[in-house]
Amino acid sequence: MPNSKIADDMANAIRSLSMDAVEKANSGHPGLPMGVADIATVLFSKVMKFDPTQPHWPDRDRFILSAGHGSMLLYSALYLLGYNDISIEDIKNFRQLGSKTAGHPEYGHAEGIETTTGPLGQGIANAVGFAIAEQKLAAEFGTELVDHRTWVIAGDGCLMEGISQEAISLAGHLKLNKLTVIWDDNNITIDGAVSNADSTDQIARFKAVGWNTIAVDGHDQDAVEAALIASKSSDKPTLIAAKTTIGYGAPKKAGSHAVHGSPLGAEELAGAKAKLGIDYPAFEIPATTLDAWRAAGTRSANEVGAWQGRLASADAAKRAEFDRRIKGDLPANWADAIGAYKDKLVADKPKVASRKASQMALEVINGLLPETLGGSADLTGSNLTNTTQTLPFTATDRTGRYMRYGIREHEMAAAMNGIALHGGLIPYGGTFLVFTDYARPAIRLSALMGQRVIYVMTHDSIGLGEDGPTHQPVEHVAALRAIPNLLVLRPADAVETLECWQIAVESKHRPAILALSRQNLPPLRLTAEKENLSAKGAYVIAGDAASDIVIFATGSEVAIAVSALEKLKAEGIAAKVVSVPSIELFAEASPEYRHQVIGNARAKVAIEAGIELSWTKLLGDNGRFIGMHGFGASGPAEKLYEHFGITADAVVEAVKAQL
C-alpha cells in the first residue's frame, strides 16, 4: 500500500536535508538517509517515546544509529523534531570544523545523540549495554520509573563486524526483549554488492542466537509501523530486516555503491529531487511538513508529565536515590568509608597480588555503591571481579549485579559504554591485560565519549609467569597510555590499589584501566595518609626526598626499586623511589609539583616490566630504562625477571652509570 502524502513528505524532508547537506559539504554519505528515511519517519513520529524539550528524561527510549556514516539521517530528524540543539545552520554546516553535525554522530555534541558511532558494529554493541541498564534499573526502581526501549538502525557493515556476533549472542542469551535492531538491508557496501564479500543468511543467524525476526519492505511505512509495534510484544530481542534501496530516489545511482559515500553531484541531486517531488529550495522545508514533524516531537509530552508525577509521589528515599544515581553522584559517606578502609590496609599490611587487593577494595566499594555493575569476560576466578554483593544478572533475574560476558572482550567493553551512557550505573569489567587488544576500539570510544567505564585488567606483565608470551603484555600499557583521556593506573600495593579504585570511581568523565598483578606484592605504603597520593600521578614512596637520584617505577616493579635503595646506600649513594601509578595524572600536575617530586635530577632510572615508549619524556636524553625490549617467555615469574634483567642490581648499575 502506498504511503500517505504527508508520510512521503516527512520522509522526503529527511532525504532533502541529507542530500543538500552532503552536497554542500562535498563530503558524506547520502545513500543511507535516503534509503532509511521511511523507517526513521515511522520510528520517530509514531513509535518511539521521547521529548525534544526534555532530552535527558531518564525514561526516554534510546535511539542508536549504529551505521553512523549515515549521520545526516539523525541530524535531519533532530532538527525536524524540534531539538533546540540542532538548527538549520547546523545542518548547513555539516562536517565543518567546530560544527555539532560532525561526520559521524558524536556523543555530547548535541542532545539526542546517545552514543558516538561510526566504527561499524559499535552502536549495536552499545545498544546491548543500554538494554541491560534499562532492565537492571527497572528491577531496582520499578517499571513506574524505568520502562523504555532501545532502538537501533544498523547496516550490512555493522552485521559483518565480528563484534556484532558477540553483541547479538549475548542479547539473545539474556533475552533483552526491549531491544529492537532495524537492519537496513540494502545489499550494498563501499566496494559494491554485499555478495562480493558475504553470503550470510542474517535472519537465520539472528534466530540461531535467540532473536525474534521480522522481514518488511523498508519503504512501506504501514508495514514498518506494524513490525515496530510487533517487536514490542516479543519475549526476545527483535531483528527487523527492512529491505531498502540505498539512495532511494536517485535516478542513476540508487541501489548502487556510487551513492554510499559520495555526494550525488548537481545533476543527480536535481534528478533525485524531481523524482521524489521535492520542489522546494535547498534547506527549506515547507511549513506543513515541518509542522507535522514538530507535532510528532510533542507526542510524549503527556507521558513525561505522568512520569514526573510518579517520581514526585515516590517514597522520598527512593526518589533521592534515583536522582543521585541518574546524576552520577557518589553517596555522602563515600570519602569517609574509603578513608577508613585505607587506614585498615595500612594497619594490616597485606601482602597480596594487586588483583586480590582490587577484589578486597571492591568488597568495600560494592557495599557502598549499589550502582556498580561488575563483570568479567569468563575470567572471574582470575580477575577477581566478584564480591559477596555480586549475584549474576541473568535472563530470569535482573536484580543481579554481575555480568557473565562470556569470552566476548570486545562486547564487554562496548556494552559497558552503553551501560555508562544510559546512566544510573557504574560498569566495571575484567579480563587479562593482554586481551585489551580484543577490546581496544571500544576502550578508545570510552575515552572519546568521556565515560566512567572501569577496566579491571589483570595479569599485567611477565609476572604472570608460565602462560608465556602470548599472554604476557609487553607493549600494552604503553599503547593504552597513548589513548587520550584514558587513565592507566598501575598500583604498587594494596593501598595504591584502593587509591586507584577511588580515582576511577570519582572520574565521572574519564574511563580508567586498572593494570593489576597476578603475583603477590609487598606492602609499601606503611603510614596512614588522608590524601590520595596516587591521584597526584607520582610521589616519593621511599628514600631521601631531597635526593637528586630518581628511580621511577610502577606496579610490581616499585618493590624492586625500593630494594635497590639499600644496595645503593651500601655504596654510599642516597636515592629516592618515585611510584608512578599514573603517568597521565603526573603529566597533568602543576610544574611546581612535578619539580618538587623530581627536583634537579642528576640521575634518572625508570623500571617497568613493559616497553620504554611511555618513559622517554620523564627520562630525558640521559636517563636509563629497565624493562622489556621484546616479547616475554614461559617460565616462573621470578626466573623471568632475572632472565630479562628487571632486577634491583640492574637499577643500581643504571644509577651508577650516570654518576
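Here's what I pulled together on the structure shown here. This is a predicted model, so every value here is computed, not measured.

1. Section: the overall build of the protein chain
Here's step 1: Counting secondary structure elements, the protein chain contains 26 helices and 20 strands.
Here's step 2: Taking 659 residues into account, the globule formula puts the C-alpha radius of gyration at 26 Å, and the protein chain, at 27 Å, falls close to it.
Here's step 3: With the principal axes as the frame, the protein chain shows a C-alpha extent of 90 × 55 × 45 Å.
Here's step 4: Sorting the 659 residues of the protein chain into buried and exposed places 61% on the buried side.
Here's step 5: Within the structure as shown, the protein chain displays about 24,000 Å² of accessible surface, and the carbon and sulfur contribution to it stands at 52%.

2. So, a negative patch on the surface
Here's step 1: A contiguous patch of negative charge, built from Glu466, Asp467, Glu638 and Glu642, is present on the exposed surface.
Here's step 2: Tracing the chain through its elements places Glu466 in the loop between strand E12 (454-458) and helix H19 (476-481).

3. Some thoughts on the nonpolar core
Here's step 1: Core analysis: the biggest nonpolar cluster contains 135 residues, and Phe44 and Ile91 have the highest contact counts within it.
Here's step 2: No other element matches the eleven residues that helix H5 (residues 122-141) contributes to this core.
Here's step 3: Filtering out sequence-adjacent residues up to four positions away, Ile91 remains in contact with Leu17, Ala21, Met72, Tyr75, Ser76, Tyr79, Ile86, Thr101 and Phe283.
Here's step 4: Counting 50 residues, the second-largest nonpolar core is a separate cluster that includes Leu565, Ala603, Tyr641 and Val651.

4. Structural notes on the pairing of strand E7 (residues 238-243)
Here's step 1: Of all six residues making up E7, five are buried, and the element is well covered by its neighbours.
Here's step 2: Both strand E3 (residues 179-185) and E7 contribute to a ladder of six bridges, which runs parallel. For Trp183, the partnering residue across the bridge sits in E7 and is Ala241.
Here's step 3: A crossover connection joins strand E6 (residues 212-217) to the parallel E7 through helix H9 (residues 221-231); in handedness this β-α-β unit is right-handed.

5. Considering unusual backbone geometry
Here's step 1: Positive phi outside glycine occurs at Asn187, with the angle close to 65°.
Here's step 2: Among the secondary structure elements, Asn187 is positioned in the loop between E3 and strand E4 (188-189).
Here's step 3: Residue Leu384 is not a glycine yet carries a positive backbone phi of 55°.
Here's step 4: Topologically, Leu384 is positioned in the loop between helix H16 (380-383) and strand E10 (402-404).

6. As for helix H26 (residues 648-656)
Each turn of an α-helix holds 3.6 residues, which means side chains three or four residues apart point in the same direction.
Here's step 1: Taken residue by residue, H26 has Ala648, Val651, Val652, Ala654 and Val655 as its buried positions. All buried residues of H26 project into a common sector of 165° when viewed along the axis, lining one side.
Here's step 2: Packed against the buried residues of H26 are strand E17 (549-553), helix H21 (557-570), strand E19 (603-607) and strand E20 (624-626).

7. Overview of the side chain of Arg15
Here's step 1: Relative to the helices and strands, Arg15 resides in helix H1 (residues 5-25).
Here's step 2: Dropping the residues within four chain positions of it, Arg15 is found in contact with Pro33, Met34, Ala37, Asp38, His219, Tyr248 and Leu276.

8. Quick look at the sheet that holds strand E1 (residues 62-65)
Here's step 1: In spatial order, the strands read E1-E2-E3-E7-E6; together these five strands make up an open sheet with parallel pairing. If you trace the sheet from one side to the other, it starts and ends with E1 and E6, each paired once. When strand polarity is set aside, the average angle formed by the axes of neighbouring strands in this sheet is 20°.
Here's step 2: Of the strand pairs in this sheet, E6 and E7 are connected by six bridges, and their pairing is parallel. Residue Ala215 lies in a different strand from E7, and its bridge partner there is Ala241.

9. What about the sheet that holds strand E14 (residues 512-516)?
The strands that make up a sheet pair up through hydrogen bonds in the backbone, lying either parallel or antiparallel.
Here's step 1: Taken in spatial order, the six strands line up as E10-E9-E11-E12-E14-E13 in an open sheet, and their pairing is parallel. Only two strands of the sheet have a single partner each, and these edge strands are E10 and strand E13 (487-489). Along the sheet, successive strands turn relative to each other by an average axial angle of 20°, direction set aside.
Here's step 2: In this sheet, E12 lies alongside strand E11 (residues 426-432) in parallel orientation, the contact comprising five bridges. Of the residues in E12, the one forming a bridge with Tyr428 is Ile454.
Here's step 3: Seen against the sheet, helix H15 (residues 354-368) touches strand E9 (372-376), E11, E12 and E14 and runs at an angle of roughly 130° to E14.

10. Section: helix H23 (residues 591-598)
Here's step 1: All of the buried residues in H23 are Tyr593, Val597 and Ile598. Burial along H23 is one-sided: seen end-on, the buried residues are contained in an arc of 120°. Set apart from the buried face of H23 by more than 90 degrees, the exposed residues are Pro591, Glu592 and Gln596.
Here's step 2: If you follow the buried residues of H23, they end up packed against strand E16 (539-543), E17, strand E18 (576-579), helix H22 (583-588), E19 and helix H24 (616-619).
Here's step 3: After H23 finishes, the residue Gly599 shows a positive phi value of roughly 70°.

Definitions and limits used
Residues numbered from 1 in each chain as written. Predicted model: local features only at pLDDT ≥ 70, side-chain atom pairs only at ≥ 80, totals over all residues. Heavy atoms only, no water. Helix = DSSP H or I, 4+ residues; strand = E, 2+ residues; numbered from the N terminus. Rg over C-alpha atoms; globule rule 2.2 N^0.38 Å. Buried < 20%, exposed > 50% of the residue type's maximum accessible area, 1.4 Å probe, protein only. Areas by Shrake-Rupley, 256 points an atom, 1.4 Å probe, with all protein chains shown as cover. Patch = residues over 30% accessible without salt bridge, like charges linked within 9 Å, V, L, I, M, F, W, Y side chains within 5 Å. Salt bridge = Lys/Arg side-chain N within 4 Å of Asp/Glu carboxyl O. Lys, Arg positive; Asp, Glu negative; His and termini not counted. Charge placed at Lys NZ, Arg CZ, Asp CG, Glu CD. Core = buried A, V, L, I, M, F, W, Y, C linked by side-chain atoms within 4.5 Å. Contact = heavy atoms within 4.5 Å. Pairing = 2+ DSSP bridges. Right-handed = clockwise from strand over helix to strand, strands pointing away. Arc of directions from axis to C-beta. Axes fitted to C-alpha atoms, helices over the stretch in contact; angles between N-to-C directions.

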